[in-house]
Amino acid sequence: MIAAQKAPASARRRLRLPLAGIIGAGIVAFWVLMAIIGPYIAPHDVGALIDNDLFGRMRWGLPLGSDYLGRDVLSRILVGTRYSIGVAAAATFLAILMGGTLGMLAAVSRSAVDMVLSRFFDMLISIPSKMSALVVIAALGSSIPVLIATVAVIYTPGAFRIWRALSVNVNALDFVEVARARGEGTAYLIREEILPNILGPVLTDFGLRFVFAILLLSSLSFLGLGIQPPNADWGSLVRENINGLADGALAVVMPSFAIATLTIGINLVIDNLPGRWSSTGER
Amino acid sequence: MAMLTLGFVSMAVFAGTEILPGDVAEAVLGQNATPEAVAGLRHALHLDYPAHIRYFLWLIGIFSGDAGRSLANNLPVTELIASRLPNSLMLASVTAVVSVPIALTLGISSAIWRGSFFDRAASFLTMSVVAMPEFLIATLAVIIFAVNLRWFPALSYAAGMVSINQFFNQFALPVFTLSCVLIALMMRMTRAAVIDTLRSPYIEMAVLKGARPIRLVLTHALPNAIGPIANAVALSLSYLLGGTVVVEIVFGYPGLARLLVDAVSNRDMPVVQACVMIVCSAYLFLVILADIAGVLSNPRLRYR
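Conventions adopted
Residues numbered from 1 in each chain as written. Chains lettered and ligands numbered in written order. Predicted model: local features only at pLDDT ≥ 70, side-chain atom pairs only at ≥ 80, totals over all residues. Heavy atoms only, no water. Contact = heavy atoms within 4.5 Å. Buried area = accessible area lost by both parts, 1.4 Å probe. Salt bridge = Lys/Arg side-chain N within 4 Å of Asp/Glu carboxyl O. Polar contact = N/O pair within 3.5 Å; in protein donor to acceptor, adjacent residues only side chain to side chain. Helix = DSSP H or I, 4+ residues; strand = E, 2+ residues; numbered from the N terminus. Nonpolar A, V, L, I, M, F, W, Y, C, P; charged D, E, K, R; others polar. Phe/Tyr/Trp six-rings, centres within 6.5 Å; stacked < 30°, edge-to-face > 60°. Buried < 20%, exposed > 50% of the residue type's maximum accessible area, 1.4 Å probe, protein only. Axes fitted to C-alpha atoms, helices over the stretch in contact; angles between N-to-C directions. Left-handed = near helix turned anticlockwise from the far one by under 90°. Core = buried A, V, L, I, M, F, W, Y, C linked by side-chain atoms within 4.5 Å. pLDDT = per-residue confidence, 0-100. Parallel < 35°, antiparallel > 145°, perpendicular 65-115°, else oblique.

### With respect to the interface of chain B and chain A
Right, so step 1: At the interface, 48 residues of chain B touch 42 residues of chain A.
Right, so step 2: Of the roughly 3700 Å² buried between chain B and chain A, counting both surfaces, carbon and sulfur atoms make up 79%.
Right, so step 3: The largest contributions to the chain B side of the interface with chain A come from Phe8(B), Phe135(B) and Val264(B), which together make up 15% of the buried area.
Right, so step 4: For the pair chain B and chain A, the interface holds zero salt bridges.
Right, so step 5: Here chain B is connected to chain A by zero residue pairs in polar contact (both at pLDDT 80 or more).
Right, so step 6: Contributions of two or more residues to the side of chain B that touches chain A are made by α1 (2–18), α6 (117–131), α7 (134–148), α8 (164–197), α9 (201–209), α10 (213–250), α11 (256–266) and α12 (269–296) of chain B.
Right, so step 7: Taken together, the residues of the side of chain B that touches chain A break down into 36 nonpolar, seven polar and five charged.

So this is what it looks like as structure tokens:
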């Protein structure tokens, strides 16, 4: 009976990425590249009004048409990539840094520290993310540092949970006991014993959290509460061109398409990673 | 635990008001206000008390149904919310009624035929939907149904329902958008819950007895998966609370979330505070409901 249950799991354990995963990785790599070089290869200035036609069709020189003021859509998307990916990545990184460190600390200390931290983050996690974002933005106004800090704080409890759960498993293993018996300190235990053994799943977790951050940020921008003009990320691009929706203008469709490809790409990579990378355990 | 969280939320929301730069009284009266007028208003708004006393005054106010007045138009916050809350509840309940049966059917059937083409197509589709922001789905829905097919209006006003037909027209697109995401979320969780139950030893026993896959899932696994499924339904419904924010804006639906977003743009803190408290209470209520459903459906937990 045990052998019968093990069988399907081993079939999933392939080291190479399936085709869907490669496609996803390709899409993600493309957008990350665009975030880095986007502003340098943009054909027109982002603020320049170059088309007399509003919501112009695509033609030579304006590959994706023009937006509601007659600006080049392609250039605006290329420059917006940096805001969409940059802010989300910075926020996710901060969230993982805070949540991850505290999570491992809680797992290793196994005591009152763990209790207090876990209870505290359990409380934080039960506040809907959009609500906390709206309250902070109502109070502080919207700017890039505020957005990064808010999203980082919002996703810290989730990161804490995953990192703690993973570390608790590793912490119960014999080699950690041995290190503890050797008299190693908490910092050493975290750095040398726990971290290397949970690296795969936590990288997957980083990807998922990054997707959430992109979705939250673009929704905020879409509501007009995210990145403020004259700068624009993909969410703001959809918002400012929403009047072109009735004509099915490319200025609305293309930024939406950019968000969808990026998030679906990341999901494709994560879903097709080998089982030992999975942050939710084998499924 | 839930009460503690709600208390924490209220403190956080109140602290949010406190860090606002500037003085509310001066902001309301404008630049030409005399110092006496400012002092008078400060007294009327209890601004001359220390923060912790004002916090309790505000908390008592919220619970006794008096959430203060809006800074933007001086209407009582309670009145503003009372005019919007029924609309939001309506939208949420119609969405729930539409999506729960569809999601459960899809989730259970893809668990029955797991690994099949249907299952893989469904899981790719739901993954894509979950990975897309709501405004994207709303935008696509408008392009397809309102612009190209001209079936439904792109805006939804919900001002007095005259006929069934009109009612359907107004709700079609917002409900469609919300349902897409809700069905995707709920279906994934339902499928996971059923498949999780399918790993139990008694399922193995039923397989050895020769039960067919459909019978296996429906009569053997499903009764034991009801707890996790009910849990999944309640958790997905709590998504509706945040999800309506974007949908109400896109379709111009006069609901609570739209009031909240407008208040955030105007920095109308009494309205923001009251709306957030309502949404968070509803959210916590659903989470508790999910826990209760989990306990009720598991006899081992029930009699403990």
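### Digging into the packing of aromatic side chains
Describing an aromatic ring pair means giving the distance of the ring centres and the angle of the ring planes.
Residue and element names in this part refer to chain A.
Right, so step 1: According to the stated counting rule, one finds six aromatic pairs over all chains in the structure shown.
Right, so step 2: Summarising the aromatic geometry, the rings of Trp31 and Trp234 are spaced 4.9 Å apart at their centres and angled 65° between planes, so their arrangement reads as edge-to-face. Of this pair, Trp31 sits in helix α2 (residues 19–41) while Trp234 sits in helix α9 (residues 234–240), and the two are 203 residues apart along the sequence.
Right, so step 3: On the basis of relative accessible area, Trp234 is assigned to the buried category, the value being 0%.
Right, so step 4: Measuring from ring centre to ring centre gives 5.5 Å for Phe120 and Phe121, while their planes differ by 65°; the resulting arrangement is edge-to-face.
Right, so step 5: Classification of Phe121 by relative accessible area gives buried; the value is 5%.

### Structural notes on the packing of helix α5 (residues 77–112) of chain B against α10(B)
Residue and element names in this part refer to chain B.
Right, so step 1: α10 packs onto α5 with a crossing angle of 145° between their chain directions and a minimal axis gap of 8 Å. Both α5 and α10 take part in a crossing whose hand is right-handed. Between α5 and α10, the residues in contact are Ser88, Leu91, Ala92, Thr95, Ala96, Val100, Leu104, Ile108 and Ile112 and Pro213, Ile214, Val217, Leu218, Leu222, Ile229, Val233, Leu237, Leu240, Thr244 and Glu248, respectively.
Right, so step 2: A per-class count over the contact of α5 with α10 returns 16 nonpolar, three polar and one charged.

### Observations regarding the pattern of salt bridges
Right, so step 1: Evaluated as defined, the whole model comprises six salt bridges over all chains.
Right, so step 2: A salt bridge links Asp114(A) to Arg164(A), with the nearest nitrogen and oxygen atoms 2.7 Å apart. With Asp114(A) in helix α4 (residues 112–125) and Arg164(A) in helix α6 (residues 144–171), the pair connects residues that are 50 residues apart, well separated along the chain.
Right, so step 3: Its relative accessible area of 11% is what places Asp114(A) among the buried residues.
Right, so step 4: The partner of Arg199(B) in a salt bridge is Asp196(B), with the nearest N and O atoms 3.5 Å apart.
Right, so step 5: Looking at Arg199(B), the relative accessible area reads 46%, which means it is partly exposed.

### Side note on the environment of Gly235(A)
Right, so step 1: Relative to the helices and strands, Gly235(A) is located in helix α9.
Right, so step 2: Overall, the relative accessible area of 0% leaves Gly235(A) in the buried class.
Right, so step 3: Along the backbone, Gly235(A) and Pro39(A) are 196 residues apart, and their C-alpha atoms lie at a distance of 18 Å.
Right, so step 4: Each residue touching Gly235(A), except ones within four places of it in the same chain, is listed here: Ser218(A), Ser221(A), Phe222(A), Ile259(A) and Phe135(B).

### A closer look at the nonpolar core
Right, so step 1: Grouped together as the largest cluster of nonpolar side chains are 129 residues, with contacts concentrated most on Trp234(A), Val194(B), Leu260(B), Val264(B), Val272(B) and Val276(B).
Right, so step 2: Formed by 14 residues, the second largest nonpolar core is a distinct cluster that contains Ile96(A), Ile190(A), Ile198(A) and Val202(A).

### A short note on the environment of Ile229(B)
Residues and elements named next belong to chain B.
Right, so step 1: Mapped onto the secondary structure, Ile229 falls in helix α10.
Right, so step 2: Using a relative accessible area of 8% as the deciding quantity, one classes Ile229 as buried.
Right, so step 3: Through-space distance from the C-alpha of Ile229 to that of Met187 is 9.6 Å; in sequence the pair is 42 residues apart.

### Quick word on the side chain of Ser99(B)
Right, so step 1: Along the chain, the position of Ser99(B) falls in helix α5.
Right, so step 2: If we skip the residues at most four places from it in the chain, Ser99(B) touches Ser179(B), Leu182(B) and Ile183(B).

### Describing the side chain of Asp114(A)
Right, so step 1: In this structure the side chain of Asp114(A) is engaged in a polar contact, spanning 2.7 Å, whose partner is the side chain of Arg164(A).
Right, so step 2: The residues touching Asp114(A), leaving out its near neighbours within four places in the chain, are Ala106(A), Ser109(A) and Arg164(A).

### Here we look at the confidence of the model for chain A
Right, so step 1: Confidence along chain A averages 77 in pLDDT terms, with 81% of residues attaining 70 or more.
Right, so step 2: This model gives residues 1–15 of chain A a pLDDT under 50, and the stretch forms 13 contacts once residues within four places in sequence are excluded.

### Let's talk about the packing of α10(B) against α11(B)
Residues and elements named next belong to chain B.
Right, so step 1: Packing of α10 against α11 leaves a shortest axis separation of 8 Å and a crossing angle of 85°. With respect to α11, the axis of α10 lies roughly perpendicular. Across the interface between the two elements, Thr244, Val245, Glu248 and Ile249 of α10 pack against Leu256, Ala257, Arg258 and Val261 of α11.
Right, so step 2: Looking at the contact of α10 with α11 residue by residue, the class counts come to five nonpolar, one polar and two charged.

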